[in-house]
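# Close look at the chain arrangement
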Amino acid sequence: MNSTEHDTGSPRSSLWYAAAAFVFAVGMAGTTLPTPLYGLYRQELGFGELMVTVVFAVYAVGVIAALLVAGDYSDKLGRRPLLFAALGLSAASAVCFLLEGGLPLLFAGRLLSGFAAGLFSGAATAAVLELAPGGSRGFAATAANMGGLGCGPLLAGVLAQYAPRPLVLPFVAHLALLAIGFVLTLVLPETVRRPRPRPGLRPRGMAVPREVRPVFVPAGLACFTGFAVFGLFTAVSPGFMSETLHLTNLAASGAVVFSVFCASLLGQAAAGRVRVALALPLGCLGLVAGMAQVGGSLLASSLPLLVTGAVTGGVGQGLAFRSALAAVSVRAPEEHRGGTISALFVVAYLGISLPVVGVGALSTGLGLRNAGLVFAGCVVALASVVGVHLWRTRDSDVTGAPEGSG
């Protein structure tokens with residue numbers, strides 16, 4: 001099914017890989033663009049922290065719905081058609097935020113952004129994996145993903161703090177980047193040989209091939225835990241900073257979120273030097289240490305502890321995420337690779353959404369600081385259990401796949 005006619009070692013192929021990575025990064029940047037702006041929306045529309053987390057969770061619902069319905073469509077239609085669809089949905093999301101006059105358009109914008117992210121997660125990940133130079137495939141896809149997610153809040157925070165019209169300019173800038181991404185997608189080579197006749201397009205749910213399941217289960221648990229940490233920082237960390245640390249600078253808020261994703265890239269780079277069997281439990285250890293520091297920052301009202309917790313947790317997430325993606329992608333049959341990757345992202349986005357809504361609900365009765373402490377404790381407990389299990393099974397075939405083969 002997958003075309004292997006292009007030479008992945010040629011300079012031209014490297015340009016294709018860079019173009020695909022740019023498209024992926026730009027698409028994912030739109031999903032985190034509103035993060036430092038939620039405080040402004042709260043002031044404008046008068047809703048509380050619970051509603052912030054619900055708006056955020058609507059995005060995750062969109063991601064999961066797209067993955068469940070169309071997770072394997074790129075295996076059947078090709079990568080480029082799905083990329084075009086994702087770019088269009090991302091542009092529609094930005095327009096909703098530009099026209100925003102209340103909660104309905106915020107919900108619509110986040111839902112459309114979720115649909116776009118769901119399509120990007122399967123199709124763009126597979127496209128970058130297939131176009132990247134052989135030795136860097138695992139890092140290429142996850143770096144484009146995390147780099148885009150990190151740049152979104154940084155771009156929005158800087159523009160909202162230092163430029164006029166803080167709820168308009170970030171989305172205008174993103175529309176311009178999406179236009180560039182559309183042009184690049186027009187010239188990208190297709191990496192999938194579409195079957196003739198074309199198979200029917202039917203929702204397949206979370207269909208994971210039987211031979212992948214022993215790898216998928218521990219990899220999915222690690223991703224769930226790591227993305228729960230991402231959910232905390234992308235949904236409610238601006239509220240923590242303003243209410244607990246009394247820091248209202250939007251650029252600083254965006255920079256803290258950016259640091260989580262940059263640290264994830266460092267963790268992913270480190271994962272390339274460690275076998276999957278070790279990288280997964282080490283990633284869970286990083287998540288435990290990072291969330292312990294975040295809990296300490298809330299108790300001590302300490303910005304440095306929050307930043308170090310973000311970096312430590314991000315490194316742990318990066319270790320776990322890259323090794324999980326590599327282990328799953330190397331085991332998945334080529335004709336089911338896009339669908340299997342999409343299923344892994346379904347599990348990850350359950351982690352990024354459900355715990356965060358719990359924080360929002362707890363904050364109405366306990367306050368945001370105490371809700372954050374409960375969240376940190378739960379993540380520490382879950383990451384510890386998963387990490388111990390992965391450590392005990394590190395020499396089994398479950399996590400024994402070499403990272404570089406992904």
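Here the structure is a predicted model, which means the values were calculated and not measured. (Residues numbered from 1 in each chain as written. Predicted model: local features only at pLDDT ≥ 70, side-chain atom pairs only at ≥ 80, totals over all residues. Heavy atoms only, no water.)

## Some thoughts on helix α8 (residues 169–187)
An α-helical segment advances 3.6 residues per turn. Residues three or four places apart therefore align on the same side. Look at α8: 28 Å from first C-alpha to last across 19 residues, which is about the 27 Å you get at 1.5 Å a residue. Of the positions making up α8, those classed as buried are P170, F171, H174, L178, G181 and T185. Looking down the long axis of α8, one finds its buried residues gathered within 75° of arc, a one-sided arrangement. (Helix = DSSP H or I, 4+ residues; strand = E, 2+ residues; numbered from the N terminus. Expected span 1.5 Å × (residues − 1). Buried < 20%, exposed > 50% of the residue type's maximum accessible area, 1.4 Å probe, protein only. Arc of directions from axis to C-beta.)

## Here's the deal with the environment of Y349
Among the secondary structure elements, Y349 is positioned in helix α14 (residues 337–366). Here Y349 is in contact with M28, Y59, A60, V63, I64, S121 and F227, once residues within four sequence places are set aside. (Contact = heavy atoms within 4.5 Å.)

## Here we look at empty space enclosed by the protein
Within this structure, the stated rule accounts for 3 cavities of 30 Å³ or more. Lining the largest cavity we find T31, T32, F56, Y59, R110, L149, F230, T234, F261, Y349 and I352. Of all elements in the fold, only α1 (11–32), α3 (49–70), α9 (213–235) and α14 reach the threshold of two or more residues within the lining of the largest cavity. Here the lining of the largest cavity is built from residues that sort into 7 nonpolar, 3 polar and 1 charged. In terms of lining, the second largest cavity is formed by G30, T31, L33, S90, S93, A94, F97, S113, F171 and H174. At 4 residues, helix α5 (residues 79–98) tops the list of elements feeding residues into the lining of the second largest cavity. (1 Å grid on protein atoms, 1.4 Å probe; cavity = no way out; pocket = protein on both sides within 12 Å on 5 of 7 lines; lining within 4 Å. Points joined across faces, edges and corners; volume = space filled by probe spheres on them. Nonpolar A, V, L, I, M, F, W, Y, C, P; charged D, E, K, R; others polar.)

## Focus: the packing of aromatic side chains
Applying the stated criterion to the full structure yields 9 aromatic pairs. A ring pair is formed by Y59 and Y349, whose centres lie 5.9 Å apart and whose planes are at 75°; its orientation type is edge-to-face. Of this pair, Y59 sits in helix α3 while Y349 sits in helix α14; the two residues are 290 residues apart in sequence, bridging distant segments of the chain. Assessed through its relative accessible area of 1%, Y349 is described here as buried. (Phe/Tyr/Trp six-rings, centres within 6.5 Å; stacked < 30°, edge-to-face > 60°.)

## Section: the pattern of salt bridges
All chains considered together, the criterion is met by 3 salt bridges. A salt bridge links E130 to R79, with the nearest nitrogen and oxygen atoms 2.7 Å apart. Taken together, the positions of E130 in helix α6 (residues 103–131) and R79 in helix α5 put the pair 51 residues apart, joining distant regions of the chain. R79 sits in the buried class, given a relative accessible area of 1%. Through salt bridges with shared partners, a single ionic network connects R42, E49 and E243. (Salt bridge = Lys/Arg side-chain N within 4 Å of Asp/Glu carboxyl O.)

## Things to note about the packing of α5 against α6
Running from amino to carboxyl end, α5 crosses α6 at an angle of 155°, the nearest separation of the two axes being 8 Å. With respect to their mutual orientation, α5 and α6 come out roughly antiparallel. For the pair α5 and α6, the sense of crossing is left-handed. Grouping the amino acids of the contact of α5 with α6 by side-chain chemistry returns 21 nonpolar, 4 polar and 3 charged. (Axes fitted to C-alpha atoms, helices over the stretch in contact; angles between N-to-C directions. Parallel < 35°, antiparallel > 145°, perpendicular 65-115°, else oblique. Left-handed = near helix turned anticlockwise from the far one by under 90°.)

## Details of the side chain of R110
Looking at the secondary structure, you find R110 in helix α6. Here R110 occupies a buried position and makes no salt bridge, while the nearest side chain of opposite charge, E49, is found at 12 Å. With sequence-adjacent residues up to four places away left out, R110 is seen in contact with T31, P34, Y38, V55, F56, V58, Y59 and F97. (Lys, Arg positive; Asp, Glu negative; His and termini not counted.)

## Observations regarding a nonpolar patch on the surface
A cluster of nonpolar side chains, F182, V183, L186 and V187, forms an exposed patch at the surface whose accessible area comes to about 360 Å². Note on V187: relative accessible area 47%, which makes it partly exposed. (Patch = residues over 30% accessible without salt bridge, like charges linked within 9 Å, V, L, I, M, F, W, Y side chains within 5 Å. Areas by Shrake-Rupley, 256 points an atom, 1.4 Å probe, with all protein chains shown as cover.)

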